[in-house]
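Secondary and tertiary structure notes
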Amino acid sequence: MLAVVIVSWNTRELTLEALRSLYADLEASDLAADVYVVDSASTDGSPQAIAAAFPPVKLIVCAENVGFGRANNLALEAMRADGLPEAVYLLNSDTITQPGATHALYETLLADAKIGLVGARLNYGDGRFQNSAFAFPDLRQLWVEFFPTPGRLIESWFNGRYPRKYYDQMLPFKVDFVLGATMMLRREVITRTGGFDEQFFMYCEEIDWAWRIRDVGWRVCCVPAARVTHFGGASTGQVRPRSVVDLWTSRLLLFRLHYPAHKRLLARGMIVLGMARKRRQTDDPALRDAYRAVQRLALGGA
């Protein structure tokens, strides 16, 4: 048995399309699944539209925006009342499930007891390749974030990327973590590790959970045969200053939880220097303020 969780926050049309493609894939694959949608205080009519279009969905409506990790954990708590299914699939609301994807993930996850978490191969809405899995963040990735780096290194192991040939060979391959857009976990992993750490309101929560899953002995795999379209990373719109602060608050927390002391110190120094560089490169006062706020967080040892 499988359960699927989608978190919705003011993404009504995207969520409805995600549900349409998911249900079509489940039906074609003959997979039985309970589908949960956790709505995090949307103001666009999402709960009403979802309930009307998909009566079987188990809808959980929050009175406030509780964040991605907490919203998923609410669905996991609801499942525990009746007993967790053998697999739980966390799926972003801005996705389109391609035929056979859910079954490919499910089959790979349960075929090997040493695999605790799997994720799909992703592409952007226009069909372009999207990196779906990464190595755990290290100082090298921070360097690429802030300082001039040869182009050949940006899409390489130096920046935590896996070779494109791994995706093209269509066989599951071991990774450090998969992007949070598609995460399917076996029941024992959830029971042992508990779910998302709710200290992360947004960003990096999937990295932290994968790190904890790896630390207790399970493998994480990307499954190229499972294809899912993910729209979220395709936006080229202006970065919102609040998101900059949220992102780096979570990254600093991730470093504090998983880096040794000397690496945390080096990371904080790189962030201070990198944010100073970003401030010099923008004319946007709000972004400059956001970069300055991140510098203060890093200097404070967050």
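Anyway, here's the lowdown on the structure attached to this text. (Residues numbered from 1 in each chain as written. Predicted model: local features only at pLDDT ≥ 70, side-chain atom pairs only at ≥ 80, totals over all residues. Heavy atoms only, no water.)

What about the pattern of salt bridges?
Summed over all chains, the structure comprises 13 salt bridges. Between Glu-17 and Arg-20 there is a salt bridge, with the nearest N and O atoms lying 3.0 Å from each other. Taken as a pair, Glu-17 and Arg-20 lie in helix α1 (residues 12–29) at a separation of three residues, close to a single helical turn. Overall, Glu-17 belongs to the partly exposed group, its relative accessible area being 35%. Relative accessible area serves as the criterion here: at 40%, Arg-20 is assigned to the partly exposed category. (Salt bridge = Lys/Arg side-chain N within 4 Å of Asp/Glu carboxyl O. Helix = DSSP H or I, 4+ residues; strand = E, 2+ residues; numbered from the N terminus. Buried < 20%, exposed > 50% of the residue type's maximum accessible area, 1.4 Å probe, protein only.)

Quick word on helix α9 (residues 205–215)
A turn of α-helix holds 3.6 residues, and therefore any two residues three or four places apart point the same way. Among the 11 residues that make up α9, eight are buried, leaving the element largely enclosed by the rest of the structure. Along α9, the residues that are buried comprise Glu-205, Glu-206, Ile-207, Asp-208, Trp-209, Ala-210, Trp-211 and Ile-213.

Re the nonpolar core
Grouped together as the largest cluster of nonpolar side chains are 96 residues, with contacts concentrated most on Leu-2, Met-79, Leu-142, Met-184, Leu-185, Trp-209 and Ile-271. Among all residues touching Trp-209, those that are not within four sequence positions of it are Leu-76, Leu-90, Met-183, Leu-185, Ile-190, Thr-193, Gly-195 and Phe-196. (Core = buried A, V, L, I, M, F, W, Y, C linked by side-chain atoms within 4.5 Å. Contact = heavy atoms within 4.5 Å.)

Describing the pairing of strand β4 (residues 87–92)
Burial within β4 is extensive, with six of its six residues counted as buried. Residues Ala-87, Tyr-89 and Leu-91 of β4 are buried on one face, and the alternating residues Val-88, Leu-90 and Asn-92, pointing to the opposite face, are buried as well. Taken together, the six bridges between strand β1 (residues 2–8) and β4 define a ladder with parallel strand orientation. Following the sheet pairing, Val-5 is matched in β4 by Leu-90. Pairing of β4 with strand β11 (residues 182–186), which is carried by five bridges, proceeds in the antiparallel orientation. Note on β11: the bridge partner recorded for Ala-87 is Arg-186. (Pairing = 2+ DSSP bridges.)

A word on the packing of aromatic side chains
Taken as a whole and assessed by the stated rule, the structure comprises 15 aromatic pairs. Consider the rings of Phe-136 and Phe-177, whose centres lie 6.1 Å apart with planes at 15°: the pair is stacked. Of this pair, Phe-136 sits in the loop between β8 (133–134) and α5 (139–146) while Phe-177 sits in strand β10 (residues 177–178); the two residues are 41 residues apart in sequence, bridging distant segments of the chain. Here Phe-136 falls in the buried class, since its relative accessible area comes to 8%. Three or more aromatic residues link up through ring pairs in this structure, and these residues are Phe-129, Tyr-162, Tyr-166, Tyr-167 and Phe-173. The side chain of Arg-164 reaches across the aromatic face of Phe-129, ending 3.8 Å from its centre. Above the face of the Tyr-259 ring, Lys-263 is positioned so that its terminal group lies 5.4 Å from the ring centre. (Phe/Tyr/Trp six-rings, centres within 6.5 Å; stacked < 30°, edge-to-face > 60°. Lys NZ or Arg CZ within 6 Å of the ring centre and 35° of its normal.)

A few points about unusual backbone geometry
One non-glycine residue, Tyr-203, adopts positive backbone phi at about 80°. Owing to a relative accessible area of 28%, Tyr-203 belongs among the partly exposed residues under this scheme. The backbone of Cys-204 sits at a positive phi, close to 75°, despite the residue not being glycine. You can see Cys-204 is positioned in the loop between α8 (187–193) and α9.

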